[in-house]
Amino acid sequence: MSTTDFSSLNLHPDLLKNLSSLGYESMTPIQALSLPAILSGKDVIGQGKTGSGKTAAFGLGLLQKLNVKSFKAQSIVLCPTRELADQVASEIRKLARAVHNIKVLTLCGGAPFGPQIGSLEHGTHIVVGTPGRIEEHLRKGTLKLDHITTLVLDEADRMLDMGFQDTIDEIIEKIPANRQTLLFSATFPDEIASIAERVMQSPTMVEAPSTHEESTIKQYFYEANSADERMMALRLLLAKHKPDSALVFCNTKIDTQDVADELIYYGFYALSIHGDLDQRERDQALIRFSNKSISVLVATDVAARGLDIDSLDMVINFNIAHDPEVHVHRIGRTGRAGRSGIACTLYGDRETHKLNALELDITPDSLPSDSLLDKPIRKPTMTTLKIDGGKKQKLRPGDIVGGLTGKGGIPGDKIGKIIVASNWSYVAVSSELVKQALKKISNDKLKGRSFRVRILS
Ligand code: AMP
């Protein structure tokens, strides 16, 4: 028997038999690594994306310890979107089909309350839902969590991106402390470590080996001397790679502004950040860039400090860094979390010593053909909306998700990051659905109030 056989686990025979009928021959890496700890009742942090088999990993864990005779909610799975919640619920139902009468209930925003309350009154074993709606049920007293034995935070990084941190904290407060907590996330920003520290007990960490090639950064070097040559090179590289998010490094503050201005002049969706911006301008620029509603951000090393964006497609050094360490730091901002990244560096003939200091085997590359500039410039995939209401108006991320989805709205997976500040909020939506999103928020009230909403530009 190999260690990837489900039969190596001490699973309930009905669950085991069902797995083979589902065609699950052996465990996926994340299952083999996490299931022994999950089944022994430990808290587990799993790094795994959709497609890794993570749902079955936690799903089997919570089914194994379910008391079917008690119709009280015993497990709760928090997901960032309704689409994921539906997917998770249907996978759990599949895994549970050999066990008689297991009730899995989804509670998500954008759906009417009535039927959800009705289902809750009939009793349920497993609740899967989005934080905003679950919190509303807790406030109304229609959902009780005092019998929960397992809490799952699925796609935790995305839930934090969507601004659900406070709501999640409020939900967790209502769950008995002696529960098992399982957290799955594709990436591990500092906020995940801090949430894990607060809500988990000595968690076991498991990381599924990447099914893709390990993170790779492809480096390219181009000779460009005058300012015009550099600008031309930059436009050609952006036109060729069409990044969703590219960070362009300049060595001086003045250059960042000039480069951004020129890119905008040529129709690129670009902004610069530098020390002369006030806090709000800087925040808005970063929000638009991290929301992917601006594709190019031009910055100096100092201004880019603290920029925590984990999915940059490319880094372009408009000026090669003075120091090899700075170069490595700059290009390390792409190719994170198992993704591939591109780093392009422009250098002048008087800068070859900086190139040599990198100690790489460099062959200069040729720039793409000028004809690329005749093609239309790719529009950003997302658009950021600014809503004139925030924490002081008691708006929460869940209200915004609820306000955007549902009848006449847009699907939850077309919503990107949500940031709720004191007096206003920002939400990223897919550019192709921006009109629908604006209409939905303007026509329907949020929490019974109308808020002004506009495109952030
Ligand atoms: P997930 O990453 O949880 O979204 O799962 C990805 C897909 O893999 C789902 O369609 C599951 O039904 C399927 N799956 C999960 N575990 C296994 C397994 N051990 N063998 C075959 N398929 C699996």
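Look a little higher up for the structure.
Residues numbered from 1 in each chain as written. Predicted model: local features only at pLDDT ≥ 70, side-chain atom pairs only at ≥ 80, totals over all residues. Heavy atoms only, no water.

*Asks:* Any chance you could explain the sheet that holds strand S11 (residues 296–299) here in plain terms?
*Replies:* The strands that make up a sheet pair up through hydrogen bonds in the backbone, lying either parallel or antiparallel. Here six strands make up an open sheet; going across it, the order is S8-S13-S12-S9-S11-S10 and the pairing parallel. Of all strands in the sheet, those bounded by a partner on one side alone are strand S8 (216–223) and strand S10 (270–273). On average, each strand axis in the sheet is tilted by 20° relative to the strand beside it, whichever way the strands run. Pairing of strand S9 (residues 246–249) with strand S12 (residues 314–317) involves four bridges; the strand directions are parallel. (Pairing = 2+ DSSP bridges. Helix = DSSP H or I, 4+ residues; strand = E, 2+ residues; numbered from the N terminus. Axes fitted to C-alpha atoms, helices over the stretch in contact; angles between N-to-C directions.)

*Asks:* Any chance you could explain the site of the ligand here in plain terms?
*Replies:* The ligand sits among 14 residues. The nearest are Tyr-24, Gln-31, Gly-51, Gly-53 and Thr-55. At a separation of 2.7 Å, a nitrogen atom of the ligand approaches a polar side-chain atom of Gln-31. Ser-52 places a main-chain nitrogen or oxygen 2.9 Å from an oxygen atom of the ligand. Every element with two or more residues in the shell around the ligand is listed here: helix H3 (54–64) and helix H4 (82–96). Residue composition of the shell around the ligand, by class: two nonpolar, eight polar and four charged. (Near = heavy atom within 4 Å. Polar contact = N/O pair within 3.5 Å; in protein donor to acceptor, adjacent residues only side chain to side chain. Nonpolar A, V, L, I, M, F, W, Y, C, P; charged D, E, K, R; others polar.)

*Asks:* Explain the sheet that holds strand S5 (residues 150–153) here, please?
*Replies:* Taken in spatial order, the seven strands of this open sheet run S3-S4-S2-S5-S6-S1-S7, and their pairing is parallel. Looking along the sheet, the strands with just one partner apiece sit at the ends: strand S3 (104–107) and strand S7 (204–207). Looking at each pair of strands side by side, their axes are set apart by 15° on average, direction ignored. The pairing of strand S2 (residues 75–78) with S5 spans four bridges and is parallel. Pairing of Ile-76 across the sheet is with Leu-151, part of S5. In the packing of H3 onto the sheet, contacts are made with S2, strand S4 (126–129), S5 and strand S6 (180–185), and the angle to S6 comes to roughly 170°. (Contact = heavy atoms within 4.5 Å.)

*Asks:* Would you explain the side chain of Thr-300 in this entry?
*Replies:* Position of Thr-300 relative to the elements: it lies in the loop between S11 and helix H13 (301–304). A relative accessible area of 13% means that Thr-300 is categorised as buried. Only 3.1 Å separates the side chain of Thr-300 from the backbone nitrogen of Ala-303, close enough to count as a polar contact. Residues within four places of Thr-300 in sequence aside, it is in contact with Phe-249, Cys-250, Asn-251, Thr-252, Lys-253, Thr-256 and Ile-273. (Buried < 20%, exposed > 50% of the residue type's maximum accessible area, 1.4 Å probe, protein only.)

*Asks:* Even after reading the chapter, I still don't get the packing of helix H5 (residues 113–121) against helix H6 (residues 131–140), so can you show me in this structure?
*Replies:* To characterise two packed helices, one gives the angle between the axes of the helices and the distance between these axes. H6 packs onto H5 with a crossing angle of 65° between their chain directions and a minimal axis gap of 12 Å. Taken together, H5 and H6 sit at an angle that is classed as roughly perpendicular. H5 and H6 meet at a crossing whose hand is right-handed. Contact with H5, carried on its side by Phe-113, Gln-116, Ile-117 and Leu-120, involves Arg-133, Glu-136, His-137 and Lys-140 of H6 and no other residues of that element. In terms of residue class, the contact of H5 with H6 is built from three nonpolar, two polar and three charged. (Parallel < 35°, antiparallel > 145°, perpendicular 65-115°, else oblique. Left-handed = near helix turned anticlockwise from the far one by under 90°.)

*Asks:* I tried to follow the pairing of S2 on my own but got confused; where do I start?
*Replies:* For a regular strand, side chains alternate in direction, first toward one face of the sheet and then toward the other. Judged by which residues are buried, S2 turns out to be covered on both faces: Ser-75 and Val-77 on one side and Ile-76 and Leu-78 on the other are all buried. In this sheet, S4 lies alongside S2 in parallel orientation, the contact comprising four bridges. Its bridge partner lying in S4, Val-77 is registered against Val-128.

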